[in-house]
Amino acid sequence: MIQIIETGMNGRREVIGTAPTFTEAKAKVEAMGAAFMEDDADYPDCADAFMNDGRTLAIQPEGFKVEG
């Protein structure tokens, strides 16, 4: 499952949607009004989007954690 997460400057993270595949998650975010979206070259099935209404969204697999 791929999650669509709204992120905030204060560290807030809220799952606002899900999709069975990365491609479908990206399509959902596009339909929500993405001004710009970019796949993350370092992490498969991850992307960030800046929305027309000012929100920032992250697309990532459920349970994703940055290793390091």
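Anything mentioned here points back to the structure above.
First, a word on what this report is: a plain description of the structure on this page. Counting restarts for each chain, with residues numbered from 1 along the sequence as it is written. Only residues with pLDDT of at least 70 get local features here, since the model is predicted, and only at 80 or more are side-chain atom pairs given and counted; chain-wide, interface and lining totals rely on the full set of residues. Only hydrogens and water are removed before side-chain values are computed, so all heavy atoms of the structure are retained for them.

On to the environment of M1. Note on placement: M1 falls in the segment before β1 (2-7). In the structure, M1 is positioned 17 residues away from T18 in sequence and 6.8 Å away in space, judged by C-alpha atoms. Any two residues whose heavy atoms approach within 4.5 Å at even a single point are treated as in contact. Not counting chain neighbours up to four residues away, the residues in contact with M1 comprise T18, A19, P20, P61 and E62. A run of H or I in DSSP becomes a helix once it reaches four residues, and a run of E becomes a strand once it reaches two; helices and strands are each numbered from the N terminus.

Looking now at the packing of aromatic side chains. Side-chain rings of Phe, Tyr and Trp (the six-membered ring for Trp) are treated as a pair once their centres are within 6.5 Å; stacked means planes under 30 degrees apart, edge-to-face means over 60, and tilted covers the remaining angles. Summed over the entire model, instances satisfying the criterion amount to 2 aromatic pairs. With a centroid separation of 5.4 Å and 80° between ring planes, the pair formed by Y43 and F64 is classed as edge-to-face. Here F64 lies in the segment after β5 (56-61) and Y43 lies in the loop between β3 (34-39) and β4 (47-51), a separation of 21 residues in the sequence. Type-normalised accessible area, obtained with a 1.4 Å probe on protein chains alone, sets the label of each residue: buried when under 20%, exposed when over 50%, and partly exposed for intermediate values. In this structure Y43 comes out as partly exposed when scored by relative accessible area, which is 28%.

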